[in-house]
Every structure is written in C-alpha cells, then in structure tokens.
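# An overview of the molecular structure
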Amino acid sequence: MLRGLAMTEIIVRGPKRDLHSGMYGGPALNPIRALTKALGALHDAKGRVRVPGFYDGIEKPSAKQLKQWKSLGFSEKSFLGDIGLKEPHGEERYSVLEQVWARPTLEFNGITGGYQGTGSKTVIPAEASAKITCRLVPGQDPKAVIKAVETFLKSQLPDDARVKFLGGNGGKAIA
C-alpha cells in the first residue's frame with residue numbers, strides 16, 4: 001500500500017506589525033505562542049490525532065495481514081536505531097509497521113515566525129506559520145481531512161488571531 005497525502009499551511013497573524021516585547025510583551029497576542037498552542041492540541045499524549053473526523057472511514061488491516069507483518073522478523077529497534085532513535089513516537093498501541101503501513105499521520109514539516117537572525121531581538125512577531133502534512137490510508141478523503149484539520153486549528157486560536165490557510169495538492173492512498 002502507498003499512503004496518500006493531504007497538506008496545508010497555516011498562517012496566524014496577530015498585531016498589525018512586529019512589536020517590541022518591552023513595550024507590548026504580556027498584553028499583545030503573540031502569533032508564535034498562539035500557533036504552537038494550536039499545533040500542540042492536534043495530538044494527544046498517546047500520539048493519536050485529536051481532530052474530529054480524522055479517522056473516519058479508514059480501512060484497518062485484517063487479522064491475516066497483521067499476522068503476516070509479525071512474521072517478517074522486522075526489528076523496530078534496528079529500524080529506529082538506524083536513524084538515531086530508541087523508541088517509536090507515533091500512536092502508542094500500534095507497531096512501527098502498522099504506523100508506517102496502515103495508520104494515518106499528521107506531521108509538522110516546517111514552522112517559522114519572528115526574528116530568525118543571529119543573536120537575539122526582542123520582537124513579538126506579527127505572524128507565524130507552519131506547514132502540515134497528513135499521510136492517509138485507504139478510506140480517507142484528502143479534502144475532508146484537510147477541512148477537518150483547518151476547522152480544528154481555527155477552534156484552538158484566540159479571537160484576536162487572524163488565520164489563513166494555503167492548501168496544497170494531495171491524493172488518496174493506493175491499496
């Protein structure tokens with residue numbers, strides 16, 4: 001199976017210009033803080049995506065498939081060790097093979113906002129953004145998934161935050 005793809009970019013705007021934190025730190029909406037709070041709400045403590053409807057329609061592997069996968073002699077430890085990791089960080093109750101072959105994901109591929117140069121600059125940025133992709137499994141509709149993700153993210157932002165989404169291309173999983 002080849003997992004499908006759905007993507008979006010969220011841009012969160014707060015004040016109409018960058019602000020000095022000595023003057024506005026505290027009362028001014030910080031788009032980075034608002035964005036990271038919203039992004040942090042997308043997954044629960046067990047790695048499950050919290051977006052309502054995200055898992056709708058997914059086709060789970062059969063008991064026969066799961067048995068076949070277990071018989072492959074796949075080493076999660078070696079797989080992750082090859083990239084410098086010790087343990088899986090996806091959905092807790094699923095094996096690494098299940099996570100890679102049969103489970104949808106929601107990942108952050110880039111995040112930006114505020115001062116990016118050398119040293120420090122005490123700025124509250126006017127905007128922050130993040131690129132998000134979802135790997136999809138059979139039964140998931142890319143457009144419905146992105147709509148659900150965007151709706152959830154909007155619900156996590158404070159009233160003063162203005163949000164814009166830049167949708168991308170995507171495609172359904174191939175079984």
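We now turn to the structure provided with this report. (Residues numbered from 1 in each chain as written. Predicted model: local features only at pLDDT ≥ 70, side-chain atom pairs only at ≥ 80, totals over all residues. Heavy atoms only, no water.)

### Points about the overall build of the protein chain
Within the protein chain one finds 6 helices and 6 strands. In the protein chain, the order of α-helices and β-strands from amino to carboxyl end is β-β-α-α-α-α-α-β-β-β-α-β. Per-residue burial over the protein chain gives 37% buried out of 175 residues. Within the protein chain, contacts between residues at least 6 apart in sequence are counted, and of these 77% link residues at least 24 apart. Summed over its atoms, the accessible surface of the protein chain is roughly 10900 Å², and 52% of this surface lies on carbon and sulfur atoms. (Helix = DSSP H or I, 4+ residues; strand = E, 2+ residues; numbered from the N terminus. Buried < 20%, exposed > 50% of the residue type's maximum accessible area, 1.4 Å probe, protein only. Contact = heavy atoms within 4.5 Å. Areas by Shrake-Rupley, 256 points an atom, 1.4 Å probe, with all protein chains shown as cover.)

### Overview of the nonpolar core
Counting 31 residues, the largest nonpolar core has Ile 10, Val 51, Phe 54, Leu 106, Cys 134, Val 149 and Leu 153 as its most contacted members. Secondary-structure elements contributing two or more residues to this core are strand E1 (4-13), helix H2 (31-40), strand E5 (127-136) and helix H6 (142-156). In terms of residues, this core owes the most to one element, H6, which gives 6 residues. The contact partners of Leu 153, leaving out residues within four places of it in the chain, are Ile 10, Ala 38, Leu 39, Leu 42, Ile 132 and Phe 165. (Core = buried A, V, L, I, M, F, W, Y, C linked by side-chain atoms within 4.5 Å.)

### Quick notes on a nonpolar patch on the surface
Taken together, the side chains of Leu 72, Phe 74, Phe 79, Val 100 and Trp 101 make up a nonpolar region of the molecular surface, amounting to roughly 430 Å² of accessible area. Residue position: Phe 79 is located in helix H4 (residues 76-81). Assessed through its relative accessible area of 39%, Phe 79 is described here as partly exposed. (Patch = residues over 30% accessible without salt bridge, like charges linked within 9 Å, V, L, I, M, F, W, Y side chains within 5 Å. Salt bridge = Lys/Arg side-chain N within 4 Å of Asp/Glu carboxyl O.)

### Structural notes on the pattern of salt bridges
Throughout the structure, instances matching the rule amount to 4 salt bridges. The salt bridge involving Glu 127 is made with Arg 13; its shortest N-O contact spans 2.9 Å. Linking Glu 127 in strand E5 with Arg 13 in strand E1, this pair joins segments that are 114 residues apart in sequence. Note on Glu 127: relative accessible area 35%, which makes it partly exposed. Glu 91 serves as the salt-bridge partner of Arg 48, at 3.6 Å between the closest nitrogen and oxygen. One end of the pair, Arg 48, is in the loop between H2 and helix H3 (63-70); the other, Glu 91, is in the loop between H4 and helix H5 (96-101), and 43 residues separate them in sequence. Salt bridges sharing common partners tie together Arg 48, Glu 91 and Arg 103.

### Some points on the pairing of E5
A large share of E5 lies buried, amounting to 7 of its 10 residues. Where E1 lies against E5, 10 bridges are found, and the strand directions are antiparallel. If you follow Leu 5 over to E5, its bridge partner there is Arg 135. In the sheet, strand E3 (residues 105-113) pairs with E5 via 8 bridges, with the strands oriented antiparallel. The residue of E5 that forms the bridge with Phe 108 is Ile 132. (Pairing = 2+ DSSP bridges.)

### Examining H6
For H6, which comprises 15 residues, the first-to-last C-alpha distance of 21 Å matches the rise-based estimate of 21 Å (1.5 Å per residue) to within 8%. Along H6, the residues that are buried comprise Pro 142, Val 145, Ile 146, Ala 148, Val 149, Glu 150, Phe 152 and Leu 153. Those residues of H6 hidden inside the fold are in contact with E1, H2, E3, E5 and strand E6 (162-167). (Expected span 1.5 Å × (residues − 1).)

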